[in-house]
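Each chain, written out:
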Amino acid sequence: MISKILNAVVALLFLAVVGISIIGTEWVTTPLTFVKGDSSGIVHVGELIFTTYVLPFEVLSLVLLAALIGGIYLAKKEAPA
Amino acid sequence: MIPLTYYLLLAGALFTIGAYGIMTLSNGIRLLMCIELMLNSANMNLIAFSTHINDASGQVFALFSIALAAAEAAVGFAIILMIYRWRAEIDIENMNLLRW
Amino acid sequence: MDPTLTAITTIDFRMYAHWIVLLPMIGFLLELLIGQYTWRKGGMFANLSIFGSMVISYGCLYNVYVQHLGFWEYSWDWFYPGIVAGFTVDPLSLAMLCMVSFISFLIHIYAIGYMGHDCAKHVYFAETALFTGSMFGLVLANNLLQLFIFWEMVGLCSYLLIGFWWHKPEAAAAGKKAWMSCAVGDCLFLLGIAIMYTVMAKHGVTTEVISFNQIFQHLEVLSSSVVFGIPALTIICILFMCGVLGKSAGFPLHVWIPDAMEGPTTVSALIHAATMVTAGVYLIARAFPIFLAAPHALAVVGFFGAFTALYASTLGLVVNDLKRIFAYSTISQLGYMITILGCGAVIGVAAVALALFHLVAHAFFKALLFLTSGSVLHGTSNTRDIKEMGGLLKGMPWTGWTMLAGALALIAFPFTAGYYSKDRIIEEAYVYATGHGSLGYLPWLFLVLGVILTATYTFRAWYLAMTGEPRSYLAVHPHECDWWMRTPLVILAIFALGLGLFTKGGTLFWHFLEETFVTATNTVSGTYPGIDLHEIATLGGNHLLEHGHAAEISPAVIYLPFFLMVAGLAIATGAYYRNRVDMSKYIKKENPLYQLLWNKYYMDYLFKDILAEKIIMTVFTFWDVLDRYVIDGVVNLMSWITISTGQVSRKIQTGVVQNYATAVIFGVSLLVILVKLLGGV
């Protein structure tokens with residue numbers, strides 16, 4: 001019980017710190033500019049993925065593959081001895 | 001438009017909830033869920049900033065981050081499965097061999 | 001003249017003198033690394049390199065003695081202003097170089113046969129090559145520091161070689177003993193060099209501060225220096241003398257020599273004839289002007305030498321080990337050389353010439369004696385006790401007769417090498433005595449008494465080993481050595497008998513050697529003028545006789561050594577050849593004199609049981625307690641503190657993930673607060 005209270009105090013402290021930081025910061029923002037025919041910006045995102053960020057994208061596919069194989073290997077039932 | 005601060009405060013709250021979960025919970029699967037929570041709060045930040053500085057790169061990275069979270073979850077669940085097979089429980093508090 | 005020969009005579013070998021040192025060093029490396037894969041599994045490179053050094057040495061002798069090209073000194077800057085590395089070629093170094101290279105070469109040839117079946121032959125030859133090379137370096141050195149370095153290398157090689165058969169515990173202990181006795185002297189010698197450097201630097205000398213020639217030029221200023229109320233030069237010379245006592249087996253530090261017989265006999269021959277014990281005599285000879293300019297230094301040298309000469313020859317009377325008898329005779333003969341150097345206070349540079357002539361003659365007959373005794377050991381399956389020998393002359397005539405030649409030279413039988421060298425020393429010791437009052441007669445008296453003892457113990461050994469009936473099974477069928485060993489024996493025997501005759505009774509040698517110090521030495525940048533020894537002698541309160549104005553000595557004194565030698569020979573013949581006297585009447589435990597001699601005047605007892613085990617052990621026990629409880633205590637306290645804090649603080653590592661997560665979150669919060677407070681981003 002004591003540890004739960006302690007954890008809660010720490011969590012609240014963190015929240016306070018983060019909140020104060022967020023509120024106390026002067027955020028400089030640029031409003032979003034919409035392109036005609038792409039009101040959600042999804043076309044632009046798609047273009048970026050397959051042009052500027054194509055290499056990270058491909059690497060990510062390999063990482064996923066590796067995680068897939070690793071997950072299967074770990075979770076696979078061991079063959080009967 | 002919703003001000004940036006709102007997004008950030010929401011993300012901070014989400015993160016704190018995740019962190020509190022990690023600090024208090026002992027079930028392995030719940031821990032993984034809390035980690036997802038924290039990851040998603042980070043994604044939220046990415047998208048919020050992306051929208052407010054008019055740069056779509058943040059959204060691209062949010063997508064990447066989601067994919068990585070999937071990989072992490074897959075491996076994490078596999079590990080927890082192994083632990084269950086080994087000890088017939090997934091209580092992380094008892095997984096304390098790596099100490100003094 | 002043959003053109004090749006003409007071409008050789010035009011070579012200035014003095015310019016290649018550094019190769020005398022370098023060749024054996026190269027031989028050492030080759031022998032050590034690839035020696036065992038070459039001819040006879042080792043020995044080729046050592047022999048060739050020593051032969052090369054010998055050629056250069058004799059070339060230098062030809063340049064200086066026949067062609068009169070002058071003395072030569074060369075220095076390289078080494079480190080720190082004033083410390084140089086260099087070599088000097090003058091009669092003194094030439095005499096030593098030619099003797100060392102020749103004797104060492106013969107011993108190396110002998111070793112091809114003697115060490116023929118040893119499995120570590122290449123290591124043996126590598127070490128002897130290094131040994132000889134170090135001795136060359138010592139002889140050629142033109143400054144004290146370089147001399148000291150090679151001096152230590154010689155000591156190191158002797159340690160390695162005495163303990164060459166390290167699997168025998170006695171050999172290992174003997175090596176250690178040699179090393180430690182020498183180390184006592186060497187420390188003091190080094191201290192002497194340090195004082196010399198300080199004193200020279202104090203007088204403003206900045207170039208070649210401890211080079212011999214430079215010191216000789218500054219003796220006049222140096223003699224005014226005083227340390228602790230004693231003239232600095234006297235202190236320096238006494239410290240040098242301590243080094244000499246260690247290396248040349250002078251009285252208190254001689255204890256290592258008999259034990260050193262545990263090494264291979266060829267090593268004993270090298271140590272006793274060529275490469276080790278002569279270094280001490282050479283040091284006094286090389287630094288002779290310093291000793292001359294130091295008040296009382298030469299008197300100390302003379303008395304120590306004479307006492308050693310008599311002391312060691314009494315010990316030689318009772319020992320039964322063939323090699324040890326010759327070992328004691330070496331100590332005794334070195335005493336003669338050191339004595340005559342001490343007499344240099346009256347006879348000047350002639351003392352150096354006489355000492356060096358006896359050194360060379362001694363090298364020939366002592367190398368011969370050791371090699372023949374090695375041959376005896378080889379032929380009788382390592383029998384060393386002369387009581388178990390007898391009648392060997394029939395089985396090994398070459399060995400027996402050449403040993404007789406060596407023995408005759410050792411006792412200074414007329415017309416052998418020893419006759420010309422030793423009797424002249426005794427004569428000059430008498431000249432010294434006439435100038436120094438009643439106490440001055442002591443060195444002469446010691447030397448004269450030594451003569452009779454020398455003759456007795458030498459022929460005791462020869463008669464017991466070679467004549468009579470065999471007294472053990474091994475002595476019945478000795479086998480003679482092969483030609484590798486026989487050839488050096490014959491050559492050495494010729495020189496042991498004829499060296500005096502070849503040099504016109506030594507006069508050619510003496511006249512050549514007497515040019516040392518008084519004649520100028522050329523260097524690249526200039527010339528060191530010769531020094532006036534008469535002036536230098538007055539600095540030390542000595543008065544030299546004018547050259548050629550020897551005091552009148554009565555014929556009785558001149559012929560006394562001869563008659564004493566005959567008397568000693570007669571005693572030995574009567575007791576051990578004709579068996580007129582029953583020696584067992586005297587040689588028994590109840591005879592206190594025999595006990596005293598048999599226990600070597602209890603010197604080993606004094607050093608080992610009293611000095612080492614009582615005094616030093618007591619000190620060390622106290623030190624041990626201090627070490628254990630105070631110094632170790634501090635260290636243990638530190639470790640205890642570390643361990644006990646660790647015991648407590650490691651509990652933080654619970655191994656539970658949640659706790660770590662809490663700590664991380666808390667840490668991040670704190671960090672952010674900290675950044676805010678410090679007015680950061």
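Remember, it's a predicted structure, so these values are computed and weren't measured experimentally.

Engineer: When you look at the overall build of chain C in this model, what are you seeing that I'm missing?
Structural biologist: Looking only at helices and strands, one finds 30 helices and six strands in chain C. C-alpha extents for chain C along the principal axes are approximately 110 × 65 × 60 Å. Within chain C, the proportion of its 681 residues that are buried is 52%. For chain C, the proportion of contacts with a sequence separation of at least 24, taken over those separated by at least 6, is 79%.

Engineer: I'm lost on the packing of helix α5 (residues 121-140) of chain C against helix α6 (residues 144-162) of chain C in this one. Help?
Structural biologist: A pair of packed helices is captured by two measures, namely the crossing angle of their axes and the spacing between those axes. All names here are of chain C. Between α5 and α6, the shortest axis-to-axis distance is 8 Å and the interhelical angle comes to 155°. When the axes of α5 and α6 are compared, the pair comes out roughly antiparallel. Our pair here, α5 against α6, has a crossing hand that is left-handed. Only Leu147, Phe150, Trp151, Met153, Val154, Cys157, Leu160 and Leu161 of α6 make contact with α5, whose side of the interface consists of Glu127, Thr128, Leu130, Phe131, Ser134, Met135, Gly137 and Leu138.

Engineer: It is not clear to me how the domain arrangement of chain C should be interpreted in this structure. Could you clarify?
Structural biologist: Interface size is commonly expressed as the accessible surface area that is lost when the partners come together. Under the domain assignment, chain C is made up of domain 1 (11-565) and domain 2 (602-646 + 657-677). The centre of domain 1 of chain C, based on its C-alpha atoms, is set 52 Å off from the matching centre of domain 2 of chain C.

Engineer: Before we go on, may I ask you to explain helix α20 (residues 397-410) of chain C in this structure?
Structural biologist: An α-helical turn contains 3.6 residues, so a residue and the one three or four places further along point in the same direction. Residues and elements named next belong to chain C. Here α20 contains 14 residues, and its C-alpha end-to-end distance of 20 Å stays within 8% of the 20 Å for a straight helix at 1.5 Å per residue. Among the 14 residues that make up α20, 10 are buried, leaving the element largely enclosed by the rest of the structure. Along α20, the residues classified as buried are Thr399, Gly400, Thr402, Met403, Ala405, Gly406, Ala407, Leu408, Ala409 and Leu410. Packed against the buried residues of α20 are α16 (322-342), α18 (350-379), α19 (392-395), α21 (417-434), α22 (441-466) and α24 (483-502). Of the residues trailing α20, Ala412 is marked for its positive phi of about 60°.

Engineer: Would you mind going over the interface of chain B and chain A with me for this structure?
Structural biologist: Residue-level contacts link 29 residues of chain B with 32 residues of chain A. Contributions of two or more residues to the side of chain B that touches chain A are made by α1 (4-24), α2 (28-52) and α3 (57-87) of chain B. Tallying contributions element by element places α3(B) first for the side of chain B that touches chain A, with 13 residues. Residue classes in the side of chain B that touches chain A are distributed as 20 nonpolar, nine polar and no charged.

Engineer: Where do I start with the interface of chain B and chain C in this structure?
Structural biologist: Contact residues are listed per partner, giving 12 residues for chain B and 11 residues for chain C. Its residues assigned to classes, the side of chain B that touches chain C comprises seven nonpolar, three polar and two charged.

Engineer: Where do I start with the pairing of strand β2 (residues 83-89) of chain C in this structure?
Structural biologist: Looking along a regular strand, one sees the side chains alternate between the two faces of the sheet. Residue and element names in this part refer to chain C. The buried fraction of β2 is high, at five of seven residues. As paired elements, strand β1 (residues 71-79) and β2 share seven bridges and run antiparallel to each other. From the neighbouring strand, Trp76 faces β2, where its bridge partner is Ala85.

Engineer: Would you explain unusual backbone geometry in this entry?
Structural biologist: Generally, phi is negative for residues other than glycine and the peptide bonds are trans, each holding for most cases. Residue and element names in this part refer to chain C. Unlike most non-glycine residues, Arg40 shows phi in positive territory, near 55°. You can see Arg40 is positioned in the loop between α2 (18-34) and α3 (44-66). For Arg40, a count of 15 C-beta atoms within 10 Å translates into the label partly exposed. A positive phi angle, near 60°, is found at Lys41, a position not held by glycine. With respect to the element layout, Lys41 can be found in the loop between α2 and α3.

Engineer: Teacher, can you tell me more about the sheet that holds strand β5 (residues 521-522) of chain C here?
Structural biologist: Strand pairing in a sheet is mediated by backbone hydrogen bonds. Such pairs are either parallel or antiparallel. Residue and element names in this part refer to chain C. Judged by pairing direction, the sheet is mixed, and its four strands sit side by side in the order β2-β1-β5-β6 without closing on themselves. This sheet does not close on itself; its edge strands, each paired only once, are β2 and β6 (527-528). Pairing of β1 with β5 involves two bridges; the strand directions are parallel. The residue of β5 that forms the bridge with Trp72 is Asn522.

Cut-offs used in this document
Residues numbered from 1 in each chain as written. Chains lettered and ligands numbered in written order. Predicted model: local features only at pLDDT ≥ 70, side-chain atom pairs only at ≥ 80, totals over all residues. Helix = DSSP H or I, 4+ residues; strand = E, 2+ residues; numbered from the N terminus. Buried ≥ 20, exposed ≤ 12 C-beta atoms within 10 Å, placed from the backbone. Contact = placed C-beta atoms within 7 Å. Axes fitted to C-alpha atoms, helices over the stretch in contact; angles between N-to-C directions. Parallel < 35°, antiparallel > 145°, perpendicular 65-115°, else oblique. Left-handed = near helix turned anticlockwise from the far one by under 90°. Domains from an automatic or database assignment. Expected span 1.5 Å × (residues − 1). Nonpolar A, V, L, I, M, F, W, Y, C, P; charged D, E, K, R; others polar. Pairing = 2+ DSSP bridges.

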